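Single-letter residue listing:
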Amino acid sequence: MRLTIFSRLVIGYLAIFVLAMTVSIYAIMQLHRLENVTRSILMVDNRLIDYEQKLSDTILSLMRYEKKFLVIRDEGLYNQFLAAKDDFDKYLGGMMNITDVPRIKVLLMEIRQDSQRYRSLFEEEVKYLRSGRQYPAEKYKEEKETTVTGIMTGLKKLRVFNQQNTFDRVKKLGQAEADAGRVAVVMGLVCLVIGVIISVFITVNITKPLSLIKKRTREIAGGSFRDDLRLSSPPEIAELAQSFNVMCTKLKELDKMKTEFFSSMSHELRTPLTTIKEGTNLFMEGLKESGATEKQKKLLTIINEECNRLINLVNSLLDLSRMEAGMMVYNFRQADLVPLINKAAREIEPLAETKNIKIETKIGEGLPLPRLDTDRILQVLRNLMGNALKFTPNGGSMQIHTQAVEEGVKVSVSDSGAGIPKEKMEVIFDKFRRAALADSGKIMGSGLGLFIVKQIISAHGGKIWVESTLGKGSTFSFVLPA
């Protein structure tokens, strides 16, 4: 009896789970130790170093304000001295609050005593200066220098002690990291081996048949509905393959019904549409002689244009039906592309003039003569040029370029329209798909033109693609082998 996918996965993952639980407790303990040491360095040692630097900067500021005040006796300097004194006390108090090391606390107490002695000496000098009395300035100066030296010496000792303390903690951190690293390596290697074994098992028994189904799904997206998928795999995937074959059979039947319907509908519509078109033309000729109103002429013109559009749609559906049924006939012969390009360009010149669109044709030198069906390639050129003209705003431009390339002959049709979104360029050649452009809501189309163009180019052994930038336009290019 074959195990289900669920059973196979449960067995494999249970093995990994048991192993992981065995080593996880020790790994967690080591990581917790690592976290404690790291937190100690980041939250205590780094703050101590920061406070020590601020104390050094503040004592230098106190000395600067004190010396300047004694010289120019500006009260603003005295106030700055007092502000710096408050900062010094704040930083010193902050250090005493976060440290629990006795040696550091002793050093901080000594620094506090020296700083208080320094400030009291300065305060006495200030009183003498404000009262105008004489005092032994040199004596005060020597005593202040002594207290400042004591403060700086204490800060230096504090710096050295902090560095040594941080170094010791980093050593502990390195040891904890090494221990945790060894555990992680062992656990990783063991899990890797088991994981590789399970991965191979899953790949052979599950991933391979799923890949075949994925490949067949792409074939369905391309129009191939073969129902011969047979898989030796777990029961779930085998059932999926059977359902997949049933789906392909149904899709094949639907596709056949659709093709027959399009073909029958197109044939049935072509005759009455042609009759309507001829009748409309006769009416238009009669209106010119009878002096019809502008409204009547406009209405008949619209009817004639819509009739032409329906006839083109019917022709496209007939071409689509013949292509899908493999009945499209091509008459290949070596021919020059240039006359076909010029003919297609001349046909759209009147419409281009009404929209004030400039058409530029650039023919490369030394073009080879490819094998082609002139009628079908002319259909391709008309479609691409018509699309370019359709999506180019009034006053824009359109370019048709040809050049010899290594594969044969390359033809490019460019416009200055709104461009095609990147996500739409991959599906624009599919049936009944049109790029949703911001300014193309009123532009009519069946979504078959580019699909038929791609089929014709592929039948010639060539390739077609599009390049586009939003706001700047699009370029459709195809290459025909020579």
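Shown above is the structure to which this text applies.
Below or above, wherever it landed, is the structure these notes cover. It should be emphasised that the depicted structure is a prediction, and the values quoted were computed from it without experimental measurement. (Residues numbered from 1 in each chain as written. Predicted model: local features only at pLDDT ≥ 70, side-chain atom pairs only at ≥ 80, totals over all residues. Heavy atoms only, no water.)

Let us look at unusual backbone geometry. In this structure, Arg73 takes a positive phi of about 55 degrees despite not being glycine. Positioned with a positive phi, Asn356 is a non-glycine residue whose angle comes to about 55 degrees. Mapped onto the secondary structure, Asn356 falls in the loop between helix H7 (337-354) and strand E2 (358-363). For Asn356, a relative accessible area of 58% gives the class exposed. (Helix = DSSP H or I, 4+ residues; strand = E, 2+ residues; numbered from the N terminus. Buried < 20%, exposed > 50% of the residue type's maximum accessible area, 1.4 Å probe, protein only.)

This part covers the sheet that holds strand E7 (residues 473-481). Spatially, five strands are ordered E2-E4-E5-E7-E6 in an open sheet, and the strand pairing comes out mixed. The strands lining the two open edges of the sheet, one partner per strand, are E2 and strand E6 (463-469). Each neighbouring strand pair of the sheet contributes to a mean axis angle of 10 degrees, computed without reference to strand direction. Note: strand E5 (residues 408-415) against E7, seven bridges, orientation antiparallel. What sits directly across from Ser414, in E7, is Thr475. (Pairing = 2+ DSSP bridges. Axes fitted to C-alpha atoms, helices over the stretch in contact; angles between N-to-C directions.)

With respect to the secondary-structure elements, Thr392 resides in the loop between helix H8 (374-390) and strand E4 (397-404). At 2.5 Å, the side chain of Thr392 forms a polar contact with the backbone oxygen of Ala388. Aside from chain neighbours lying at most four places away, what touches Thr392 is Lys355, Ile357, Ser397, Asp415, Ser416 and Gly417. (Polar contact = N/O pair within 3.5 Å; in protein donor to acceptor, adjacent residues only side chain to side chain. Contact = heavy atoms within 4.5 Å.)

Right, let's talk about the nonpolar core for a bit. Residues Leu337, Ile377, Leu381, Met385 and Phe478 are the most contacted members of the largest nonpolar core, which totals 40 residues. Elements represented by at least two residues in this core include exactly H7, H8, E4, E5, helix H9 (449-459), E6 and E7. It is H8 that contributes the most residues to this core, eight residues altogether. Discounting residues that sit within four places of it in the chain, Leu337 has contacts with Pro370, Leu372, Ile377, Val409, Val411 and Leu480. The next biggest cluster of nonpolar side chains, apart from the first, holds 33 residues, and it includes Tyr51, Leu62, Leu77 and Val101. (Core = buried A, V, L, I, M, F, W, Y, C linked by side-chain atoms within 4.5 Å.)

Most of E5 is tucked away: seven of the eight residues are buried. As defined by bridge partners, E4 adjoins E5 across seven bridges and the pair is classed as antiparallel. Note on E5: the bridge partner recorded for Gln399 is Ser414. Following E4, the chain reverses through three residues before pairing antiparallel with E5.

This structure, assessed with the given rule, holds nine salt bridges. Asp50 is the partner of Lys54 in a salt bridge, and the nearest nitrogen-oxygen pair spans 3.3 Å. Note that Lys54 and Asp50 are positioned in helix H1 (residues 5-72) at a spacing of four residues, about one turn of the helix. Taking relative accessible area as the criterion, Lys54 reaches 32% and is therefore assigned partly exposed. Under the relative-accessibility criterion, Asp50 is labelled partly exposed at 37%. A salt bridge links Glu66 to Lys144, with the shortest nitrogen-to-oxygen separation between them at 2.3 Å. Residue Glu66 is located in helix H1, and its partner Lys144 is located in helix H4 (residues 137-221); the two are separated by 78 residues in the primary sequence. Accessibility assignment for this pair places Glu66 and Lys144 in one class, buried. Through salt bridges that share partners, Glu66, Glu125 and Lys144 make up one connected network. (Salt bridge = Lys/Arg side-chain N within 4 Å of Asp/Glu carboxyl O.)

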